[in-house]
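Next come the chains, spelled out residue by residue.
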Amino acid sequence: MRRKGLWLRLRKILFCVLGLYIAIPFLIKLCPGIQAKLIFLNFVRVPYFIDLKKPQDQGLNHTCNYYLQPEEDVTIGVWHTVPAVWWKNAQGKDQMWYEDALASSHAIILYLHGNAGTRGGDHRVELYKVLSSLGYHVVTFDYRGWGDSVGTPSERGMTYDALHVFDWIKARSGDNPVYIWGHSLGTGVATNLVRRLCERETPPDALILESPFTNIREEAKSHPFSVIYRYFPGFDWFFLDPITSNGIKFANDENVKHISCPLLILHAEDDPVVPFQLGRKLYSIAAPARSFRDFKVQFVPFHSDLGYRHKYIYKSPELPRILREFLGKSEPEHQH
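Named according to an unreviewed UniProt entry, the chain is Lysophosphatidylserine lipase ABHD12 originating from Mandrillus leucophaeus. Recorded in UniProt under Sequence similarities (unreviewed entry), the annotation for the chain is "Belongs to the serine esterase family." What UniProt records for the chain under Subcellular location (unreviewed entry) is the sentence "Endoplasmic reticulum membrane".

Right, dumping it as structure tokens:
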């Protein structure tokens, strides 16, 4: 009797799970907004208790917090970390001092982060520290709808925010090089931005893509979350079409054909979020593209034994050398 009762209960649970499994695709199809939320994950604020007005709480005591306004009703929070050699000088300085510092003879990296979390995320902060120690200014921000930035997330909005911050930097940076670094979903924002900059003939001095994908449809197809639905009948119609109908493309593969500046791609072979082969595929599209004829395109893989996965490439002791060699030389070459 007890065995029968257990069997009935198990069957009930099984039917519930199966029902949910079948219901989810229909729910996503009917409410495409869910799919947009899953891509942006801007509501996931990890670590949660950070005061973004105080970067020093994250060990960034040579960093200033600003707020910029790309358009009406949109305010974005920005962190500007000066090169580590100025750590002492930066103590107690105001926003004006930081802005003026952009004109000194140090290159600037505009960092575009991926989905979920904020500009204060742990792996992001660690990368700012590494780049600052190598002598770069690092300017990073939360797109509208992330962190303490006000507005509704969209691909167009994120790209516009990035353009606004780039122009804000260029207005203050004199002749210093400005490099754009995108990570994960931020690579989609980065190629959107750089394509636009190249079209208006104000390209950045280089583009660095860390853990990039080819386009959002291919990334969604290979994301670990989609594994359980990959062979579901009508997968594209249920899961991928709602992304497109939301106006979300992040077409890195299309954008690179319109970008003319040095391009560096960094990808770990054991990346569980954006598969390594998508980064490799993006390189194979960019390297022969006519737009890169006069510029170098380089692909740097990180062996899976290193365990850098999706967001720990900053730990690589090779990174300073890779950046120095790539950003230091200007003659065109294709290598990997």
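The structure having been displayed, the exposition proceeds.
Peer 1: Report on the overall build of the chain, specifying residues and quantitative values.
Peer 2: Looking only at helices and strands, the chain has twelve helices and nine strands in total. Since a compact globule built from 336 residues should have a radius of gyration of about 20 Å, the 22 Å found for the chain is in line with a globular shape. Along the first, second and third principal axes, the C-alpha atoms of the chain reach 80 × 45 × 45 Å. Looking at the 336 residues of the chain, the share that counts as buried comes to 52%. Treating the 39 positive side-chain charges of the chain as one cloud and the 35 negative ones as another, the clouds have centres 10 Å apart.

Peer 1: Describe the UniProt feature "domain: AB hydrolase-1" (unreviewed entry) in the chain, naming the residues involved and giving the relevant values.
Peer 2: If you check UniProt for "domain: AB hydrolase-1" (unreviewed entry), the listed places come out as residues 109–212 in our numbering. End-to-end, the C-alpha atoms of residues 109–212 are 18 Å apart, and along that stretch the chain is 41% helix and 19% strand.

Peer 1: So what's going on with the side chain of R144? Residues and values would help.
Peer 2: Here R144 is to be found in the loop between β4 (137–141) and α6 (155–170). Looking at R144, the relative accessible area reads 5%, which means it is buried. A polar contact of 2.6 Å, which involves the side chain of R144, links it to the side chain of E71. Side-chain polar atoms of R144 contact the backbone oxygen of G157, separated by 3.4 Å.

Peer 1: An account of α6 is needed here, citing residue identities and associated values.
Peer 2: In a regular helix each residue adds 1.5 Å, so 16 residues correspond to 22 Å; α6 covers 23 Å between its end C-alpha atoms and thus fits that length. Along α6, the residues that are buried comprise E155, G157, M158, T159, D161, A162, L163, V165, F166, W168 and I169.

Peer 1: Explain the packing of aromatic side chains to me, and be specific about the residues and the numbers.
Peer 2: Taken as a whole and assessed by the stated rule, the structure comprises eleven aromatic pairs. Taking 5.1 Å as the distance between ring centres and 85 degrees as the angle between the ring planes, the aromatic pair formed by W97 and Y98 counts as edge-to-face. Seen from their ring centres, Y283 and F299 are 5.6 Å apart, and the 45 degrees between their planes marks the pair as tilted. Remark: F299 occurs in strand β8 (residues 297–302) and Y283 occurs in helix α11 (residues 276–286); sequence separation between them is 16 residues. Residue Y283 shares its accessibility class with F299, and that shared class is buried. These aromatic residues form a ring-pair network of at least three members: W86, W97 and Y98. The cationic tip of K296 hangs over the ring face of F326; the distance from NZ or CZ to the ring centre is 4.4 Å. Between K315 and the ring centre of Y312, over which it is positioned, the NZ or CZ distance is 4.7 Å.

Peer 1: Pulling in residues and values, what's your account of the domain arrangement of the chain?
Peer 2: Domain assignment breaks the chain into domain 1 (1–30 + 224–249) and domain 2 (45–223 + 250–327). On a C-alpha basis, the centroid separation for the pair domain 1 and domain 2 is 35 Å. The partner domain 2 presents twelve residues to the 14 residues of domain 1 that form the contact. If you sort the residues of domain 1 by the area they bury against domain 2, P224, L240 and K249 come out on top, with a joint share of 47%. Summed over the shared surface of domain 1 and domain 2, the result is three residue pairs in polar contact (both at pLDDT 80 or more).

Peer 1: Hey, could you go over the pairing of strand β7 (residues 263–268) for me, with residue numbers and the actual values?
Peer 2: With six of six residues buried, β7 is to be regarded as a mostly interior element. Strand direction decides the pairing type here: strand β6 (residues 206–210) and β7, joined by four bridges, are parallel. Residue E210 lies in a different strand from β7, and its bridge partner there is L266.

Peer 1: For the pattern of salt bridges, give the residues involved together with the corresponding values.
Peer 2: This model, assessed by the stated rule, comprises 14 salt bridges. Where E71 meets R156, a salt bridge forms, and the shortest distance between an N and an O atom there is 3.1 Å. A residue pair is termed long-range when its members are at least 10 positions apart, and E71 in strand β1 (residues 63–71) and R156 in helix α6 qualify at 85 residues. Accessibility expressed as a relative area gives 51% for R156, which makes it exposed. In this structure, the salt-bridge partner of E218 is K281, at a minimum N-O distance of 3.0 Å. Residue E218 is found in helix α8 (residues 216–222), and its partner K281 is found in helix α11; the two are separated by 63 residues along the sequence. When salt bridges with common partners are traced through the structure, they connect E71, R144, R156 and D161 into a single cluster.

Peer 1: Quick rundown of the side chain of H183? Include the residues and the values.
Peer 2: Here H183 lies in strand β5 (residues 178–183). One polar contact links the side chain of H183 to the main-chain carbonyl oxygen of H310, over a distance of 2.9 Å. Not counting the four nearest positions on each side in its chain, H183 is found in contact with Y111, L112, H113, G114, H123, E210, S211, H310 and K311.

What counts as what
Numbering of residues begins from 1 in every chain and follows the order in which that chain's sequence is written. Only residues with pLDDT of at least 70 are given local features in this predicted model, and only at 80 or more are side-chain atom pairs given and counted; all residues enter the totals for whole chains, interfaces and linings. Computation of side-chain values: all heavy atoms of the structure, hydrogens and water removed. UniProt positions are given in the numbering used here, feature names are shortened, and annotations may be inferred rather than shown by experiment. Elements are defined by DSSP. Helices are runs of H or I of four residues or more, strands are runs of E of two residues or more, and each kind is numbered from the N terminus. Throughout, the radius of gyration refers to the C-alpha atoms, and the reference size of a globule is 2.2 Å times the residue count to the power 0.38. Buried residues are those whose accessible area, probed at 1.4 Å on protein chains only, stays under 20% of the maximum for their type, while exposed residues exceed 50% and partly exposed ones sit between those limits. Under this rule, positive means Lys or Arg and negative means Asp or Glu; His and the chain ends count for nothing. Charge positions are represented by NZ for Lys, CZ for Arg, CG for Asp and CD for Glu. Counted as a polar contact is a pair of N or O atoms within 3.5 Å, where, for protein atoms, one must be capable of donating a hydrogen and the other of accepting one, and residues adjacent in sequence contribute only when both atoms are in side chains. Under the convention used throughout, the expected extent of a helix is 1.5 Å for every residue step, that is, one less than its residue count. Here the aromatic set is Phe, Tyr and Trp, taking the six-membered ring for Trp, and pairing holds for ring centres within 6.5 Å; pairs whose planes are under 30 degrees apart are stacked, those over 60 apart are edge-to-face, and all others are tilted. Two conditions define a charge sitting above a ring: the NZ of Lys or the CZ of Arg must be within 6 Å of the ring centre, and it must be within 35 degrees of the ring normal. The start and end points of each domain follow an automatic or database-based domain assignment. Note on definitions: a residue-residue contact is assigned when non-hydrogen atoms from the two residues lie within 4.5 Å. By buried area we mean how much accessible surface two parts lose on assembly, using a 1.4 Å probe and totalling the loss over both. Between any two strands, pairing holds if DSSP finds at least two bridges. Counted as salt bridges are all cases of a side-chain nitrogen of Lys or Arg within 4 Å of a carboxyl oxygen of Asp or Glu.

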